[in-house]
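# Per-entry structural report
So the chains spell out like this:
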Amino acid sequence: MAMSQYPQLQQQHRLTWGKSYCGCHALWFRLLCLVGAWSGQASLVRQGTQRHSIKIEGDITLGGLFPVHARGAAGAPCGEVKKEKGIHRLEAMLYALDQINSDPELLPNITLGARILDTCSRDTYALEQSLTFVQALIQKDTSDVRCSNGEHPFISKPERVVGVIGASASSVSIMVANVLRLFAIPQISYASTAPELSDDNRYDFFSRVVPPDSYQAQAMVDIVKAMGWNYVSTLASEGNYGESGVEAFLQISREAGGLCIAQSIKIPREPKLGEFDKIIKRLMETSNARGIILFANEDDIKRVLEAAKKANLTGHFLFVGSDSWGAKISPILDQEDVAEGAVTILPKRASIEGFDQYFTSRSLENNRRNIWFAEFWEDDFKCKLTRPGIKLEEGRKKCTGKERISRDSLYEQEGKVQFVIDAVYAMAHALHRMHLDLCPGATGVCDKMDPVEGQLLLSYIRAVTFNGSAGTAVMFNENGDAPGRYDIFQYQLSNTSTPGYRVIGQWTNNLLLNVEDMRWSGGERAVPDSVCSFACKPGERKKMVKGVACCWHCELCDGYRYQVDEFTCEACPFDTRPDENHTACRPTPIVKLEWHSPWALLPVFLAILGILATSSVIGVFLRFNDTPIVRASGRELSYVLLAGIFLIYGITFLMIAEPGAVVCAFRRLFLGLGMCISYAALLTKTNRIYRIFEQGKRAVTPPRFISPTSQLGITFSLVSFQVLGVFIWFGVTPPHTTVDYEEQRPPNPELARGILKCDMSDLSLICCLSYSLVLMVTCTVYAVKSRGVPETFNEAKSIGFTMYTTCIIWLAFVPIFFGTAQSTEKMYIQTTTLTVSMSLSASVSLGLLYVPKVYVILFHPERNVPKRKRSFKAVAQVATMSTRLAQNGEPKPEESQESK
């Protein structure tokens, strides 16, 4: 993210660092504490004077991050000096700066300076150190700071770092990159290869001159496959480098096929005592996976080799090491026999002759700018530098200062020296190109480059292309990654005149491996085996890995598949299911709704009670057929309505009965017929009441078609549409049964069942009921319209309550019916829901319309007497009066009578 995107951050959070010259020690300490509080790192107070860094003056300052020391033990941040990964790489940057500053063509009249820090191979410590690079971008208001004499303190401004070279470890680069991107400081790493750093959205200011591990992982997969291995384990150091490398290897191997991963083991960041012995023991649990893919740091590699030797497994494991192993001597020192045959990979590099001449000429006298060089000198020559009056430690010789590197000690150029030089040159070329564009013809740094804008510099870095120190092209892709070019090494010990690492191939998008040049433990030429071949269990098939005949995955014939032969799984026919071992198919049991099922007991119980109640009502009405209450209720329509209610209760038995052609035909006919008859009769009756009442408001002549014969005609006309539709359905699709094997087919085949059912889908069932539901809704509408009819004239209010309740029942039915469509108990739930809903709607009609009449007939015969017969004229008068009173807000006649 560009710093130009943070103008407010630049204005509000710039702190000034440096040294105070006012002599007010207390105030200076207070100022440093304020800065330390801002950073969240108390140790920044110590870093104010930069006692642990190298500073080289220049017109433009570059930052440098190098693991000069190893990680400290027992809580200490830093440990022993690292000669190769630390000092060699640091000196490579100093060498590159000297070369650039002396080059009249590259950045002429501009001197590159540096601020170089030690990361101590620890990401958190490196983050603390890297805050030094952003000091110049942090400014704090010091107007309220005074010296003891009342004057303002003089605080020198630290140099501005325009770009950073480093870091080494991926975990360190990730930590530092998160800070540098906030201040738009570009970063070029010479050794960090974690694939995570290729994410240009998160690490947009990060670039590297080494290829990411995703390329390296591809090369290692190609190497393993070229040797015919197909069963290996992975071993990674905890952290971004190791974990990301193994993850990339696993992903690529999965995509490519042909590789089985036996185990994927992580080495803890702080291994406990005996941890590596446990790792070797775990690897031996899959002993035929002899190939070990290593993404680990030097210390962990060395300890793995030591543990393998301790377990007397020399020659058993076949190591394939990443670039952290490369062609280094230190990881295999004193463990050469265990490492024999190890294949390692290293980004293609060359030994830089100029650096060798430079470094071997370094001495204590001519290299005072490297504050850690004396420590390196003591470690390299195994001597001790002393001062007058200090006694020399026993067993240590005194350094004379006349020792010479390579002459008096072993020297081999560290593998990443080339990349350090290339990283510095990439930054220099970007600055040079930027200077040409912004400062044409100017000598030195012009105003447009003071300060250097980070986002613009990044664009120049990504655009550089030049021949690096090894003669290969240095360039970056859109993610800041370098192209992948690797050399393949093998450590050879036996049957060779010169034991050591030997180049056996290279990888540049494709692998070139000379297998005939490879030597293994004891000098063997044949490539050892690392293969997998496990017998599959019954019901599992062998899934052959493409191109590797001796390796397969055991794939379970799961679900409704069964094992046809050793290599094939097939789905059982639709009417069968696999047996318990998935080795054969067997018929799927066929079920239906049984009378004794809990799902059937409740509907049957309600239906029996309903049939008995309906029969009783019919009997009472027949017995008292000529009494006033029976005649007043409209005998003809009442019997039709009771017949419909009886059919509604009776359909329950058809829905539960075993499906057959006759049962299915009766289901189609009677499923909607009972409801159709009931609601057609109620609709006719409600419509009659509504028309009488409305006609009475307008005239004294009665409306047409209100006689019993007319009412029966209207009712049966409405019912005829339902019957006609059913018979058309019979003609189009004759009723028959079917076995549905899909409805009850759960993931577990043991629970699969075939459902014996009529050929009625959910849609056809709803269509069968839809006409009755339309009649029900229409009847409800008329009931609402007739709610104001005086009670002394009709039973409209009872019909209204009946229809309101019925609508609620069927509104509840719809979500339950369709909400269980995906359930394995679908048939049982839907059948029960449908029959119970029909029985409840019939019970509501029976209870609200007929039970009160039966009660009066049987228990209050004194009320079953004829009332004064009213003419239609009297009805019209009452209707007109009720309307007028309602409009004036006065009580209706009935209400007035009741109040009196």
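Residues numbered from 1 in each chain as written. Predicted model: local features only at pLDDT ≥ 70, side-chain atom pairs only at ≥ 80, totals over all residues. Heavy atoms only, no water.

## Looking at the overall build of the protein
In terms of regular secondary structure, the protein is built from 26 helices and 29 strands. Each of the 900 residues in the protein was classed as buried or not, and the buried ones make up 50%. Within the protein, residue pairs in contact and separated by at least 24 positions form 69% of the contacts whose partners lie at least 6 positions apart. As presented, the protein carries roughly 41800 Å² of accessible surface, and 56% of it is formed by carbon and sulfur atoms. (Helix = DSSP H or I, 4+ residues; strand = E, 2+ residues; numbered from the N terminus. Buried < 20%, exposed > 50% of the residue type's maximum accessible area, 1.4 Å probe, protein only. Contact = heavy atoms within 4.5 Å. Areas by Shrake-Rupley, 256 points an atom, 1.4 Å probe, with all protein chains shown as cover.)

## Section: empty space enclosed by the protein
Once rolled over the atoms, a probe with the size of a water molecule shows which space is left empty. Per the counting criterion, the structure on display carries six cavities of 30 Å³ or more. Of the pockets and cavities examined, the largest cavity occupies roughly 330 Å³. Lining the largest cavity are 21 residues, and of these M655, R667, K757, M827 and T831 lie nearest its centre. Within the residue set of the lining of the largest cavity, elements represented by two or more residues are α18 (635-656), β29 (753-758), α21 (762-785) and α23 (826-849). (1 Å grid on protein atoms, 1.4 Å probe; cavity = no way out; pocket = protein on both sides within 12 Å on 5 of 7 lines; lining within 4 Å. Points joined across faces, edges and corners; volume = space filled by probe spheres on them.)

## Examining the state of the cysteines
Scanning the entire structure with this criterion turns up seven disulfides. C439 shares a disulfide with C446; S-S distance 1.7 Å. Since a negative S-S torsion denotes a left-handed disulfide, the C439-C446 link at about -60° is left-handed. As far as the burial class goes, C439 and C446 line up, both buried. Shown here is the disulfide that connects C572 with C585, its sulfur atoms set 2.0 Å apart. Of note, the bridge from C572 to C585 carries an S-S torsion of about -90° and is left-handed in sense. Taken together, the positions of C572 in the loop between β24 (568-571) and β25 (576-578) and C585 in strand β26 (residues 585-587) put the pair 13 residues apart, joining distant regions of the chain. Residue classification places C572 among the buried residues on the basis of a relative accessible area of 7%. (Disulfide = S-S within 2.5 Å.)

## Concerning the sheet that holds strand β6 (residues 161-165)
Ordered in space as β1-β5-β2-β6-β7-β8, the six strands form an open sheet in which the pairing is mixed. Looking along the sheet, the strands with just one partner apiece sit at the ends: β1 (53-56) and β8 (206-208). With direction set aside, neighbouring strand axes in the sheet form an average angle of 20°. In this structure, β1 lies alongside strand β5 (residues 112-118), joined through four bridges in antiparallel fashion. Its bridge partner lying in β5, I54 is registered against I116. (Pairing = 2+ DSSP bridges. Axes fitted to C-alpha atoms, helices over the stretch in contact; angles between N-to-C directions.)

## Overview of the sheet that holds strand β9 (residues 231-237)
Overall, mixed pairing links the eight strands, which are arranged β10-β9-β11-β12-β13-β18-β19-β20 in an open sheet. The open sheet is flanked by β10 (260-267) and β20 (511-513), the only strands paired with a single partner. Taken pair by pair, the neighbouring strands of this sheet meet at an average axis angle of 25°, ignoring direction. Where strand β11 (residues 291-295) lies against strand β12 (residues 318-321), four bridges are found, and the strand directions are parallel. Within β12, the residue paired with G291 across the bridge is L318.

## Quick notes on the pattern of salt bridges
Summed over the entire model, instances satisfying the criterion amount to 27 salt bridges. Two residues, E247 and R254, come together in a salt bridge whose shortest N-O distance is 3.8 Å. We classify E247 as partly exposed; its relative accessible area is 42%. (Salt bridge = Lys/Arg side-chain N within 4 Å of Asp/Glu carboxyl O.)

## A closer look at the nonpolar core
M93, L112, L431 and L457 are the most contacted members of the largest nonpolar core, which totals 66 residues. Counting residues per element, this core draws most heavily on helix α14 (residues 417-438), which supplies 13 residues. The contacts of L457, once residues within four sequence positions are left out, are V162, P186, M427, A430, L431, M434 and V452. Formed by 52 residues, the second largest nonpolar core is a distinct cluster that contains I611, L769, W810 and A842. (Core = buried A, V, L, I, M, F, W, Y, C linked by side-chain atoms within 4.5 Å.)

## A look at helix α12 (residues 353-360)
Buried within α12 are the following residues: F355, D356, Y358 and F359. Down the axis of α12, the sector holding all buried residues measures 165°, keeping them to one side. Exposed residues pointing more than 90 degrees away from the buried face of α12 are listed as E353 and Q357. Contact partners of the buried residues in α12: α4 (83-101), α13 (373-381) and α14. (Arc of directions from axis to C-beta.)

## A look at the environment of G634
Relative to the helices and strands, G634 resides in the loop between α17 (628-632) and α18. Sequence separation between G634 and S707 is 73 residues; the distance between their C-alpha atoms is 9.8 Å.

## So, the packing of aromatic side chains
Under the defined criterion, the tally for this structure stands at 26 aromatic pairs. Between the aromatic rings of Y95 and Y358, the centroid separation amounts to 5.4 Å while the plane-to-plane angle is 45°, which identifies the pairing as tilted. One end of the pair, Y95, is in helix α4; the other, Y358, is in helix α12, and 263 residues separate them in sequence. For the pair F801 and Y804, a centre-to-centre distance of 6.4 Å together with 90° between the ring planes defines the contact as edge-to-face. (Phe/Tyr/Trp six-rings, centres within 6.5 Å; stacked < 30°, edge-to-face > 60°.)

## Observations regarding the confidence of the model for the protein
Per-residue confidence for the protein gives a mean pLDDT of 82, with 84% of residues at or over 70. The low-confidence segment residues 1-51 (pLDDT under 50) makes 91 contacts with residues lying over four places distant or belonging to another chain. Considering only residues more than four positions removed or in separate chains, one finds that residues 883-900, a stretch of pLDDT under 50, has 13 contacts. (pLDDT = per-residue confidence, 0-100.)

## Remarks on the packing of helix α16 (residues 598-623) against helix α24 (residues 851-859)
Packed helices, taken two at a time, are described by the angle their axes make and the gap between the axes. Where α16 contacts α24, the two axes come as close as 11 Å, and the packing angle between them is 50°. Taken together, the axes of α16 and α24 lie oblique to each other. In this structure, the crossing between α16 and α24 has a hand that is left-handed. Counted together, V617, V620 and F621 of α16 and K853, V854, I857 and L858 of α24 form the full contact between these two elements. Its residues assigned to classes, the contact of α16 with α24 comprises six nonpolar, no polar and one charged. (Parallel < 35°, antiparallel > 145°, perpendicular 65-115°, else oblique. Left-handed = near helix turned anticlockwise from the far one by under 90°. Nonpolar A, V, L, I, M, F, W, Y, C, P; charged D, E, K, R; others polar.)

## Here we look at the pairing of strand β18 (residues 486-492)
With respect to burial, β18 is a largely interior element, seven of its seven residues being buried. Every second residue of β18 is oriented toward a common face, with Y486, I488, Q490 and Q492 on one face and D487, F489 and Y491 on the other, all of them buried. Note that strand β13 (residues 343-347) and β18 share five bridges and pair antiparallel. Bridge pairing in β18 links I345 to I488. Here β18 runs beside strand β19 (residues 500-507); their pairing, made up of seven bridges, is antiparallel. Following the sheet pairing, I488 is matched in β19 by G505.

## A short note on the environment of R635
Along the polypeptide, R635 turns up in helix α18. Along the sequence, R635 and N625 sit ten residues apart, while their C-alpha atoms lie 7.7 Å from each other. Not counting residues up to four positions away in its chain, the partners in contact with R635 are N625, D626 and V630.

## Notes on helix α9 (residues 275-283)
The complete set of buried residues in α9 reads E275, F276, I279, I280 and L283. Around the axis of α9, the buried residues are gathered within 140° of arc, so they sit on the same side. For α9, the exposed residues set more than 90 degrees away from the buried face come down to K278 and K281. Close packing links the buried residues of α9 with β9, β10, β11 and α10 (298-310).

## Quick word on unusual backbone geometry
Omega for the bond connecting G166 with A167 falls within 30 degrees of zero, at 0°, which places this linkage in the cis form. Looking at where A167 falls in the secondary structure, it is placed in the loop between β6 and α6 (170-180). Here the residue pair D450 and P451 is connected by a cis peptide bond, since its omega of 5° sits within 30 degrees of zero. By secondary structure assignment, the location of P451 is in the loop between α14 and α15 (454-463). Even without glycine at this site, N509 takes up a positive phi of about 70°. Checked against the element boundaries, N509 lands in the loop between β19 and β20. With relative accessibility at 59%, the residue N509 sits in the exposed group.

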